[in-house]
Amino acid sequence: MKILAYSHNVPPTVGGIATYCHTLCAALTDSGEELSLLAPNTGSRWDGNYPLHSMPAGLASDQISLVGYIEALRLLRATLRRLQPDVLWCCNVDALYVIALASVDAAVTVTVHGSEIVRTFGRLELLPMIRARLLGRALARADRIIAVSRYTRSILQRHLPQVTAKIDVVHNGVAAVSGDTGLSPRAGGGGRTLLSVGRCVEFKGFHLFPEVLAGLVRLVPDIRWIIAGDGAFREIIAREVAKCGLQDRVTLLGMVGAVSLRDLYQTSDLLIHPAVTDGQGRDESFGLVLVEAMLHGCPVATTGAGGTGEIIEDGATGVLFDIRRPAEAAEKLAACLRDLWLLPELGRRGREHALRHFTHGQCAAKTLESFGRAQTRYAATLG
């Protein structure tokens, strides 16, 4: 199968849609598919195992303008004529805006992550209404739609019920971790380390956890919290930490590299992911960081918001807590941290669960199945 992946998120940046696109493209190539990527190139060294067809850096998702969309449309059409792929795979919403205007001689599959639909549909401002019209048109024209979680599928069904029959749910995948995964028991002597990973934005909920931590410190005194990530809410998090008098127990590392992140997963007692729905209706459509931690043997605790509840079964593969009830959340997390058997057992079960359901190979195989359904539908329209 010849695949043209199309994205306005610049690879191979760390996190979010860009990482999802880059790693899945690599997995599809490893499985023997002929894949190319059309995406902006900021001049950074390209290390992909598949060809990158470059668009100007100004067409990256955080910079693109109306004129940029017109230029992207021209470049997409030229690339389609040159490569003549069987499937055009749109990895993110900015690609969908162009698809709404393009005539494509290939089966079209689009991936929807969720928050882009929430912050676009149902709003009365002019720009969101235009975007909603374009996205609705693009999704109606697509041969297949991939939702990264059942939660994302429910969002699509609520706003665009007419596309329901075309939706496939394909959970994101993470590279399986080999070698030392840090699966030795972490509960026992010494202090406890909580870890949070991700952008410092509202829907990650990091700014709400200090109140839980304040209660947790009274129950498990020797404890610290490390946050790996950066973003607009970093100062707000620091302010909430100071308000609770926890400055000596909290470390905001900022962005960290892959090696440092692996070490953090393998040495932390518990990953804390206090996801919430933010003021714009955005939330965690899946929660890839949970899977990353689980594959490293790090037990996870989250709120179940958005798609995170599809990853974790409370008490079996992780812990669910209610961030809106900080005292109860502190007691539940303290009980987990004190249990000399439960914490390592959650790490073991979580890793087994992630290996069964959330690896690159499984994600690539299910994505290819969706591409095949798109080809069948496209062929039927030609006949």
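Notes on the structure in this doc start here.

Conventions and cut-offs
- Going along each chain's sequence as written, the residues are numbered from 1 onward.
- pLDDT decides what is reported in this predicted model: residues at 70 or higher carry local features, side-chain atom pairs at 80 or more are listed and counted, and totals for whole chains, interfaces and linings draw on all residues regardless.
- Think of the side-chain values as coming from all heavy atoms in the structure, minus any hydrogens and water.
- The helix and strand labels rest on DSSP assignments: H or I over at least four residues marks a helix, E over at least two residues marks a strand, and numbering proceeds from the N terminus.
- A radius of gyration in this sense is built from C-alpha atoms; the matching globule rule multiplies 2.2 Å by the number of residues raised to 0.38.
- Relative accessibility decides the category of a residue: with a 1.4 Å probe and only protein chains considered, values under 20% of the type maximum give buried, values over 50% give exposed, and everything between is partly exposed.
- Between two residues, a contact is recorded if the distance between any of their heavy atoms is within 4.5 Å.
- The Shrake-Rupley method, run with a 1.4 Å probe, gives the accessible areas here. Residue values count only the displayed protein chains as cover.
- Within this scheme the basic residues Lys and Arg register as positive and the acidic residues Asp and Glu register as negative, but His and the chain ends are omitted.
- We put the charge of a Lys on NZ, of an Arg on CZ, of an Asp on CG and of a Glu on CD.
- The aromatic pairing rule takes the rings of Phe, Tyr and Trp, using the six-membered ring of Trp, and pairs them if the centres are within 6.5 Å, calling planes under 30 degrees apart stacked, those over 60 edge-to-face and the rest tilted.
- A 3.5 Å cut-off defines polar contacts: any pair of N or O atoms within that distance qualifies, except that in protein one atom must be a possible hydrogen donor and the other a possible acceptor, and neighbouring residues in sequence count only when both atoms are side-chain atoms.
- The axes used here are C-alpha line fits, helices contributing only the stretch in contact, and every angle between their N-to-C directions lies in the interval 0 to 180 degrees.
- Each angle receives one of four descriptions, namely roughly parallel if under 35 degrees, roughly antiparallel if over 145, roughly perpendicular if within 65 to 115, and oblique otherwise.
- The crossing is said to be left-handed when, going from far helix to near helix, the turn is anticlockwise and less than a right angle, and right-handed when the turn is clockwise.
- When residues are grouped by polarity, Ala, Val, Leu, Ile, Met, Phe, Trp, Tyr, Cys and Pro land in nonpolar, Asp, Glu, Lys and Arg in charged, and all others, Gly among them, in polar.
- One bridge is not enough; two strands pair if DSSP finds at least two bridges between them.
- Between Lys or Arg on one side and Asp or Glu on the other, a salt bridge is scored when a side-chain nitrogen of the former is within 4 Å of a carboxyl oxygen of the latter.
- Side-chain atoms within 4.5 Å link the members of a nonpolar core, which is a set of buried Ala, Val, Leu, Ile, Met, Phe, Trp, Tyr and Cys residues.

1. Considering the overall build of the protein
(1) Moving on: The helix and strand inventory of the protein stands at 13 helices and 13 strands.
(2) Moving on: Computed over its C-alpha atoms, the radius of gyration of the protein comes to 21 Å, within 12% of the 21 Å expected for a compact globule of 383 residues.
(3) Moving on: With respect to the three principal axes, the spread of C-alpha positions in the protein is 65 × 45 × 40 Å.
(4) Moving on: When each of the 383 residues of the protein is scored for burial, the buried share is 56%.
(5) Moving on: For the protein, long-range pairs separated by at least 24 residues make up 70% of all intrachain contacts whose partners lie at least 6 apart in sequence.
(6) Moving on: Counting every atom, the protein has about 16,400 Å² of accessible surface; 52% of that belongs to carbon and sulfur.
(7) Moving on: Averaging the positions of the 40 positive and the 37 negative side-chain charges in the protein gives two centres separated by 4 Å.

2. Structural notes on the packing of aromatic side chains
(1) Moving on: Under the definition given, this model contains four aromatic pairs.
(2) Moving on: Between Phe286 and Phe358, the aromatic rings sit 5.7 Å apart at their centres with planes inclined by 65 degrees, giving edge-to-face as the arrangement. Here Phe286 is found in the loop between strand S11 (270–273) and helix H10 (288–295), whereas its partner Phe358 is found in the loop between helix H12 (342–357) and helix H13 (360–382), with 72 residues between them in sequence. Of the two residues, Phe286 and Phe358, neither departs from the other in class, the shared state being buried.
(3) Moving on: Among the aromatic residues, those joined into a cluster by ring pairs are Phe209, Trp225 and Phe321.

3. Description of the side chain of Thr367
(1) Moving on: For Thr367, the position within the fold is in helix H13.
(2) Moving on: Among the residues examined, Thr367 registers a relative accessible area of 0% and is labelled buried.
(3) Moving on: For Thr367, the side chain forms a polar contact with the main-chain oxygen of Cys363, separated by 2.7 Å.
(4) Moving on: Look past the residues within four positions of Thr367 in its chain and what remains in contact with it is Leu24, Ile146 and Val170.

4. A look at the packing of helix H7 (residues 209–219) against helix H11 (residues 326–338)
Relative placement of two packed helices is described by the angle separating their axes and the distance separating the axes.
(1) Moving on: Packing of H7 against H11 brings their axes to within 8 Å, and their N-to-C directions diverge by 50 degrees. Taken together, the axes of H7 and H11 are oblique relative to one another. For the pair H7 and H11, the crossing hand works out as right-handed. Seen from H7, the contacting residues are Phe209, Glu211, Val212, Gly215, Leu216 and Leu219; seen from H11, they are Pro326, Ala329, Ala330, Glu331, Leu333, Ala334, Leu337 and Arg338.
(2) Moving on: Split by residue class, the contact of H7 with H11 holds ten nonpolar, one polar and three charged.

5. Describing the sheet that holds strand S7 (residues 167–169)
Neighbouring strands of a sheet are bound in pairs by backbone hydrogen bonds; such pairs are parallel or else antiparallel.
(1) Moving on: Strand order across the open sheet formed by seven strands is S3-S2-S1-S4-S5-S6-S7, with parallel pairing between neighbours. Strands at the two margins of the open sheet, each flanked by one partner only, are strand S3 (52–55) and S7. Ignoring strand direction, the axes of neighbouring strands in this sheet form an average angle of 20 degrees.
(2) Moving on: Pairing geometry for strand S5 (residues 107–112) and strand S6 (residues 144–147), over four bridges, is parallel. Within S6, the residue paired with Val112 across the bridge is Ala147.
(3) Moving on: Across the sheet, helix H6 (residues 150–159) is in contact with S5, S6 and S7; its angle to S7 comes to roughly 160 degrees.

6. Quick look at the pattern of salt bridges
(1) Moving on: Enumeration over the complete set of coordinates arrives at 17 salt bridges.
(2) Moving on: Of the charged contacts, one joins Glu240 and Lys243 as a salt bridge, the two residues approaching to 3.3 Å between their closest N and O atoms. Of the two residues, Glu240 and Lys243 both sit in helix H8 (residues 234–243), three residues apart, roughly one turn of that helix.
(3) Moving on: Overall, the relative accessible area of 62% leaves Lys243 in the exposed class.
(4) Moving on: The partner of Arg325 in a salt bridge is Glu328, with the nearest N and O atoms 3.9 Å apart.
(5) Moving on: Where salt bridges share partners, they join Arg144, Asp168, Glu369 and Arg373 into one cluster.

7. Remarks on the nonpolar core
(1) Moving on: Counting residues in each nonpolar core, the largest one holds 41 residues, and the members touching the most others are Tyr6, Leu76, Leu88, Leu139, Ile145 and Leu156.
(2) Moving on: Every element with two or more residues in this core is listed here: strand S1 (2–6), helix H2 (66–83), strand S4 (87–90), helix H3 (93–99), S5, helix H5 (126–141), S6 and H6.
(3) Moving on: Ranked by residues supplied to this core, first place goes to H2 with seven residues.
(4) Moving on: Setting aside residues no more than four positions away along its own chain, Tyr6 makes contact with Leu37, Leu38, Met55, Ala72, Leu76, Leu88, Trp89, Cys90, Cys91, Asn92, Ala95 and Val98.
(5) Moving on: Counting residues in each nonpolar core, the second largest holds 33 residues, with Cys200, Val220, Val276 and Ile323 among its members.

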